[in-house]
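# Breakdown of the fold
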Amino acid sequence: MALLVPNVTWEDHAEDVILVARHLGLDPAAITGARLVRRSLDARQRRPRWVGVFRVELPDEASILARRLPGVRRWIPRDAGRYGLDAEVPPRRRFAPSVRPIVVGAGPAGLFAALYLAESGAPVRLLERGGPVEERIEAVNGFWRGRAPLDPENNLVFGEGGAGTFSDGKIYTRRRDGELGYIFQRLISFGADPASIAEAWAHLGTDRIRALLPPFRRRLQELGVEVCYHQRVVDLRVEDGRCVGVELADGAVVEGGPVLVATGHSARDAIEMMVRAGAEASPRGIAIGARVEHPQALIDRARYGTEARGELPPASYRLAFNPSSAPAARTFCMCPGGVVVPAMNHPQRVVVNGMSFAARRAFWSNSAVIVEIDPRTYGADDPLAGFRWQDAIERAAFVAGGETYAAPAQRVADFLVDRPSREVPRTSYPLGIVPGDLRAVLPDPVVRSMQAALLAFEGKLEGFAGADGVLIAPETRTTSPVRFHRDERGCSTVADLFPVGEGAGFAGGIVSSALDGLSAARAICAEAGLD
Ligand SMILES: Cc1cc2nc3c(=O)[nH]c(=O)nc-3n(C[C@H](O)[C@H](O)[C@H](O)COP(=O)(O)OP(=O)(O)OC[C@H]3O[C@@H](n4cnc5c(N)ncnc54)[C@H](O)[C@@H]3O)c2cc1C
């Protein structure tokens, strides 16, 4: 038995039992155990403070409950999953010899699906078009430092680890259910810091995410998963309405199934492949915009009232603007102490995104300022229309950037009055920027909504739309423009085909993609396991 006790003021170097005892007005000796399960920074006051949610054990629960303190209640079994404490162990099953799952893509959805299937006893083959993470880091660094061309198979979004490998490594999600425990406890077993998992806005940073991948791979291999790199799947084998294998770029055929396609939303070829094979899909709204970059000190000043933030983390923000007369706009994927990175996988395109290291010590902060675009705006007459729209923007950005992979940029202050920028402050983008007019890149409805939103954001964070803010464009890959039709057995029109993760239109982040991969793996085990 235990209690859940929220809103406890948390201090570094103080024992959990002491903090909880102070909060409850008890003698520490009256508490037998206290564990911090969630910590967040309450920055609403002049002096921000850390607050914690604790799992508390004490003999006299009844008298605490009788006091009806806000939020204090009995700890229920589901809380262990919600706070990522319990590691679910899948039951070992027997599978018929015909069940040989193929997982396509080693991003979060594919990795966690493969892990769950293998832990359940299924013989899994994992096919990844890029290389192992060590090779991928070399390829990305080579491109950023001008030593190598853009590698279409090993880049910021493709290769072991998937799109989140060079990211801020935020691992929070709006979903709060038991499956989080499976993901968080496995990440801890591969080396993630348990303390970072307890953060309300948990982030690992690209350095720590990259470090998790080799132990993840070794675990998969120990469980018998065939982890195959440089294997680009180009077609699906469908016989009598059932997916029975895949074809690789070198012409080889891999027979097996069910087939989980966890290829992300930058793999436009893989999405087209599923549509070609008969998987039903519908166009979806997408969010388009640009990264806005500021000195981190400006954000600290606006949020904390001072640049001298001491022990506090670099300040972050989340802003939204929902006018009735125009598409909604919001900030997304804010990276405090981070950098803006080139996120394209296709040659002759420019796409940007954000990344940070665990320490979040960069001079800058950035976030995407994106506008929600309805499928009707981009003329969604077929499921792939949104990709064509994104692609046209990314090509225009390549041209506006001088066809060198430099990114077009504009001062926020100039953007607001439709004035091209002649120069911009130094930015973090590693391939150089070309100052100019983002109207050459972004469609008019996106520009107009961003302008209105940036003005509104200035009202919330002083300096946001001032002279130090720079927009770097375009941010086109925040959401998948397509959603596949699925039921609990996967694709509704092709049996044994499971489109999963971000590319399938059912996730939008590292953890939600991993959760989606897990759900598919569970469904396969429930259906195909013999016991
Ligand atoms: C720069 C950046 C920063 C981000 N920051 C965050 C963040 O901080 N927090 C967060 O939650 N989310 C973040 N995201 C989003 C997050 O990375 C994605 O939502 C998530 O990775 C999607 O997971 P997925 O497994 O569905 O697909 P992906 O991660 O895209 O993985 C797909 C995998 O499939 C492989 N593949 C593709 N096509 C084929 C094929 N034909 N054959 C074989 N293999 C193939 C790819 O190489 C890749 O490894 C970020 C994304 C980017 C680009």
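Because the structure is a prediction, the values reported are computed rather than measured. (Residues numbered from 1 in each chain as written. Predicted model: local features only at pLDDT ≥ 70, side-chain atom pairs only at ≥ 80, totals over all residues. Heavy atoms only, no water.)

### Some details on the nonpolar core
Ranked by internal contacts, the top residues of the largest apolar core, which has 141 residues, are Ile-183, Leu-236 and Val-246. In this structure, Val-8, Val-20, Leu-36 and Phe-54 belong to the second largest nonpolar core, which totals 17 residues. (Core = buried A, V, L, I, M, F, W, Y, C linked by side-chain atoms within 4.5 Å. Buried < 20%, exposed > 50% of the residue type's maximum accessible area, 1.4 Å probe, protein only.)

### What about the domain arrangement of the protein chain?
Along its sequence, the protein chain is carved into domain 1 (3-75), domain 2 (102-281 + 483-528) and domain 3 (285-475). A C-alpha centroid distance of 39 Å is found between domain 1 and domain 3. Taken residue by residue, the interface counts five residues in domain 1 and four residues in domain 3. When the two sides are added together, the surface that domain 1 and domain 3 hide from each other amounts to roughly 390 Å², 67% of it contributed by carbon and sulfur. The three residues of domain 1 that bury the most area against domain 3 are Leu-41, Ala-43 and Pro-48, which together make up 70% of that side's buried surface. Remark: the boundary between domain 1 and domain 3 carries zero salt bridges. Summed over the shared surface of domain 1 and domain 3, the number is zero residue pairs in polar contact (both at pLDDT 80 or more). Residues of the side of domain 1 that touches domain 3, tallied by class, amount to four nonpolar, no polar and one charged. (Domains from an automatic or database assignment. Contact = heavy atoms within 4.5 Å. Buried area = accessible area lost by both parts, 1.4 Å probe. Salt bridge = Lys/Arg side-chain N within 4 Å of Asp/Glu carboxyl O. Polar contact = N/O pair within 3.5 Å; in protein donor to acceptor, adjacent residues only side chain to side chain. Nonpolar A, V, L, I, M, F, W, Y, C, P; charged D, E, K, R; others polar.)

### Looking at empty space enclosed by the protein
Sizing a probe to match a water molecule and rolling it over the atoms shows the empty space that remains. A full pass over the atoms with the stated rule returns two cavities of 30 Å³ or more. Its volume calculated, the largest cavity comes out at about 180 Å³. Along the walls of the largest cavity sit 15 residues, with Pro-108, Leu-187, Ile-209, Leu-213 and Ile-510 positioned nearest its centre. For the lining of the largest cavity, the elements supplying multiple residues, two or more each, are α4 (108-119), α8 (206-222) and α14 (510-528). Tallying contributions element by element places α8 first for the lining of the largest cavity, with four residues. A class-by-class count of the residues in the lining of the largest cavity yields twelve nonpolar, three polar and no charged. In terms of lining, the second largest cavity is formed by Ala-139, Val-140, Phe-143, Trp-144, Leu-150, Asp-151, Asn-154, Asn-155, Leu-156, Pro-342 and Met-344. (1 Å grid on protein atoms, 1.4 Å probe; cavity = no way out; pocket = protein on both sides within 12 Å on 5 of 7 lines; lining within 4 Å. Points joined across faces, edges and corners; volume = space filled by probe spheres on them. Helix = DSSP H or I, 4+ residues; strand = E, 2+ residues; numbered from the N terminus.)

### Considering the pairing of strand β8 (residues 233-239)
Two strands pair when backbone bridges link them, and β8 and strand β9 (residues 242-248) are joined in this way by six bridges, in the antiparallel orientation. In the strand pairing of β9, Val-233 is matched with Leu-248. What sits between β8 and β9 in their antiparallel hairpin is a turn of two residues, with Asp-240 showing a positive phi close to 50°. (Pairing = 2+ DSSP bridges.)

### Remarks on the site of the ligand
The environment of the ligand is made up of 37 residues, and the closest members are Glu-128, Gly-159, Ala-163, Glu-502 and Ile-510. Within the backbone of Gly-164, a nitrogen or oxygen atom sits 2.9 Å from an oxygen atom of the ligand. At a separation of 2.8 Å, an oxygen atom of the ligand approaches a polar side-chain atom of Glu-502. In the complex, the protein chains occlude 95% of the 1,000 Å² of accessible area that the ligand would expose alone. Elements represented by at least two residues in the shell around the ligand include exactly α4, β17 (352-355) and α14. For the shell around the ligand, the domains that each give at least three residues are domain 2 (102-281 + 483-528) and domain 3 (285-475). (Near = heavy atom within 4 Å. Areas by Shrake-Rupley, 256 points an atom, 1.4 Å probe, with all protein chains shown as cover.)

### Description of the sheet that holds strand β3 (residues 49-57)
The strands making up a sheet associate through backbone hydrogen bonding, with each pair oriented either parallel or antiparallel. Strand order in the open sheet formed by four strands is β2-β3-β1-β4, and the pairing between neighbours is antiparallel. The open sheet has two free edges, formed respectively by β2 (33-42) and β4 (73-74), since each of these has just one partner strand. With two bridges joining them, strand β1 (residues 3-10) and β4 adopt antiparallel strand pairing. Bridge assignment links Leu-4 to a residue of β4, and that residue is Arg-73.

### Describing helix α10 (residues 296-304)
When α10 is considered as a whole, its buried residues turn out to be Gln-296, Leu-298, Ile-299, Asp-300 and Tyr-304. On the buried face of α10, the contacting elements are β2, β13 (286-295) and β18 (364-373). Looking one or two residues past α10, Gly-305 carries a phi angle of roughly 80°, positive in sign.

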